[in-house]
Amino acid sequence: MNTIYLDNNATTKTDEEVVKAMIPYLLENYGNPSSIYKIGRENRKAIEEARETVAQILNCEPNEIYFTSGGSESDNTAIRGIAYSYIKKGNHIITSKIEHPAVLETCKQLEKEGFEVTYIGVDENGIVDLEEIKKAIKPTTTLITIMYANNEIGTLQPIKEIGEIAKEHKIIFHTDAVQAVGNIKIDIKELNIDSLSLSGHKFYGPKGIGALYVKKGVQFNKLINGGHQERNKRAGTEDVAGIVGLAKAMELAYSNLEEHNKKIKELRDYYVSQVKEKIPYIKINGDMEKRLPGNSNISFRFIEGESLLLNLDLKGICASSGSACTSGSLDPSHVLLAIGLPHEIAHGSLRISIGKYNTKEEIDYVVENLVEIVGRLREMSPLWEKFVEEGNQ
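A.B. asks: A description of the overall build of the protein chain should follow, citing residues and the corresponding values.
C.D. replies: A tally of regular secondary structure across the protein chain gives 15 helices and 12 strands. The C-alpha radius of gyration of the protein chain comes to 22 Å, within 12% of the 21 Å expected for a compact globule of 393 residues. C-alpha atoms of the protein chain, sized along the principal axes, occupy 75 × 55 × 35 Å. Buried positions account for 55% of the 393 residues belonging to the protein chain. Partitioning the contacts of the protein chain with sequence separation of at least 6, the portion at a separation of at least 24 is 75%. A total of about 17,600 Å² of accessible surface is found on the protein chain, and carbon and sulfur atoms cover 51% of it. Of the side-chain charges in the protein chain, 47 are positive and 56 negative, and the distance between the mean point of each set is 5 Å.

A.B. asks: Describe a negative patch on the surface, listing the residues and the values that go with them.
C.D. replies: Together, Asp123, Glu124, Asp129 and Glu132 give the surface a local cluster of negative charge. You can call aspartate 123 partly exposed: its relative accessible area is 31%.

A.B. asks: An account of helix α14 (residues 360-379) is needed here, citing residue identities and associated values.
C.D. replies: Between its first and last C-alpha, α14 extends 29 Å over 20 residues, near the 28 Å set by a 1.5 Å rise per residue. Turning to α14, its buried residues number three or more, namely Glu362, Ile363, Val366, Val367, Asn369, Leu370, Ile373, Val374, Leu377 and Arg378.

A.B. asks: Tell me about the sheet that holds strand β9 (residues 282-284), and name the residues and values.
C.D. replies: Here 3 strands make up an open sheet; going across it, the order is β9-β10-β12 and the pairing antiparallel. Each edge of the open sheet is held by one strand with a lone partner, namely β9 and β12 (349-353). Across the sheet, the mean angle separating the axes of adjacent strands is 25° when strand polarity is ignored. Where β9 lies against strand β10 (residues 295-300), 3 bridges are found, and the strand directions are antiparallel.

A.B. asks: Kindly report on helix α10 (residues 257-278), identifying the contributing residues and their values.
C.D. replies: Over its 22 residues, α10 runs 32 Å from end to end, which matches the ideal 32 Å to within 8%, given 1.5 Å per residue. Within α10 the residues assigned to the buried category are Leu257, His260, Asn261, Ile264, Leu267, Arg268, Tyr271, Val272, Gln274 and Val275. Buried residues in α10, looked at end-on, bunch into an arc of 165°, giving them a common side. Exposed residues lying more than 90 degrees from the buried face of α10 are Glu258, Glu259, Lys262, Lys276 and Glu277.

A.B. asks: Can you tell me about the packing of α10 against α14, naming the residues and giving the values?
C.D. replies: Closest axis-to-axis distance for the α10/α14 pair is 10 Å, and the angle between their directions is 25°. On the basis of their axis angle, the class for α10 and α14 is roughly parallel. Like other packed secondary-structure pairs, α10 and α14 cross with a definite hand, here right-handed. Between α10 and α14, the contacting residues are Leu267, Tyr270, Tyr271, Gln274, Val275 and Lys278 on the first element and Lys360, Ile363, Asp364, Val366, Val367, Leu370 and Val371 on the second.

A.B. asks: Explain the pairing of strand β4 (residues 116-120) to me, using residue names and the numbers behind them.
C.D. replies: Note: strand β3 (residues 92-96) against β4, 5 bridges, orientation parallel. The residue of β4 that forms the bridge with isoleucine 93 is valine 117. Where the polypeptide runs from β3 across helix α5 (residues 101-112) and back to β4, its parallel neighbour, the crossover connection is right-handed.

A.B. asks: Before we move on, could you go through unusual backbone geometry and cite the residues and values that matter?
C.D. replies: At asparagine 232, a position not held by glycine, the phi torsion is positive, near 65°. Here asparagine 232 lies in helix α8 (residues 229-232). Even without a glycine there, the phi angle at tyrosine 281 is positive, about 60°. As for its position among the elements, tyrosine 281 is in the loop between α10 and β9. For tyrosine 281, a relative accessible area of 26% translates into the label partly exposed.

What counts, and where the lines are drawn
- Residues numbered from 1 in each chain as written.
- Predicted model: local features only at pLDDT ≥ 70, side-chain atom pairs only at ≥ 80, totals over all residues.
- Heavy atoms only, no water.
- Helix = DSSP H or I, 4+ residues; strand = E, 2+ residues; numbered from the N terminus.
- Rg over C-alpha atoms; globule rule 2.2 N^0.38 Å.
- Buried < 20%, exposed > 50% of the residue type's maximum accessible area, 1.4 Å probe, protein only.
- Contact = heavy atoms within 4.5 Å.
- Areas by Shrake-Rupley, 256 points an atom, 1.4 Å probe, with all protein chains shown as cover.
- Lys, Arg positive; Asp, Glu negative; His and termini not counted.
- Charge placed at Lys NZ, Arg CZ, Asp CG, Glu CD.
- Patch = residues over 30% accessible without salt bridge, like charges linked within 9 Å, V, L, I, M, F, W, Y side chains within 5 Å.
- Salt bridge = Lys/Arg side-chain N within 4 Å of Asp/Glu carboxyl O.
- Expected span 1.5 Å × (residues − 1).
- Pairing = 2+ DSSP bridges.
- Axes fitted to C-alpha atoms, helices over the stretch in contact; angles between N-to-C directions.
- Arc of directions from axis to C-beta.
- Parallel < 35°, antiparallel > 145°, perpendicular 65-115°, else oblique.
- Left-handed = near helix turned anticlockwise from the far one by under 90°.
- Right-handed = clockwise from strand over helix to strand, strands pointing away.

In structure tokens, the structure reads:
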């Protein structure tokens, strides 16, 4: 049985071209980039070339890019680093209720350390209210951190407008763009972004490598002490192969972005239309226009999402019910609750995230099995039985 992978918001398959670019730095050019001999100097050059590639794609300066272990470290470094660096100005942070745990948990920890955090609500499609952001601003506000694209429902936030609000009030604006980079063209200067997090494994790069953009002039404290790598902001011997791989993955993603997005959006829309046509009592979560091209999040009433995932897995289909980072939790998605779904409907959600390796034949196979699995699980559900007894079917 072939595996059908439809969880590309969780992680992606590393592109073969990316692997090829990485191999020399694992087998031949293995020198420490802080060393002065040739294979060390060559690795230092590779890192700086990768930094230039990332900066060019995002439209920023190379010395504004810091390589990290991934999105979570980038988020932690930006939020904690900026918050503590500007503590003399104020201790108030604004974020949203639907952020990734790397942001929410960091903010909750900062609250324990004496910071004040305002959590902005979202509408039924998961989009933040700009007026609510404006009203939340205080003289002590030093940081606004709002994600670019939601990892569960794919919603895109009005980043440019948020950046303008922050700029007008002289507040630093950070965005968790882990889901956006590689899927959306991002011009940091045009969007008024002061800090941005990204992660290589979300766009066919390797796991364990990410980057943090911090605008020149914005201060931030480092989280990791030790050596003087990354301009004394992130100690530790650099993962040269990972850095090269990340840059190569970004280069590939943005070389055919429109074609890639067109393909996966067509597949996503086809999937949604087939589910709507063949399975009753569903709810599509998130805005169908202002969202990531490959993302779909649908709630199936009267069933548990976990049972749905296990049954799909038996058919060789990989999907999810939300964030991979919260998969150990039995609680319903905080994102779906924030957009107003009751617990019993939020529990029955299925996230399908389509990538460049997926095909229409795979989508047909998934829909065929979904029809059968949803029907069978509903027949076993006391909620469905009660629904039918009340004459609703």
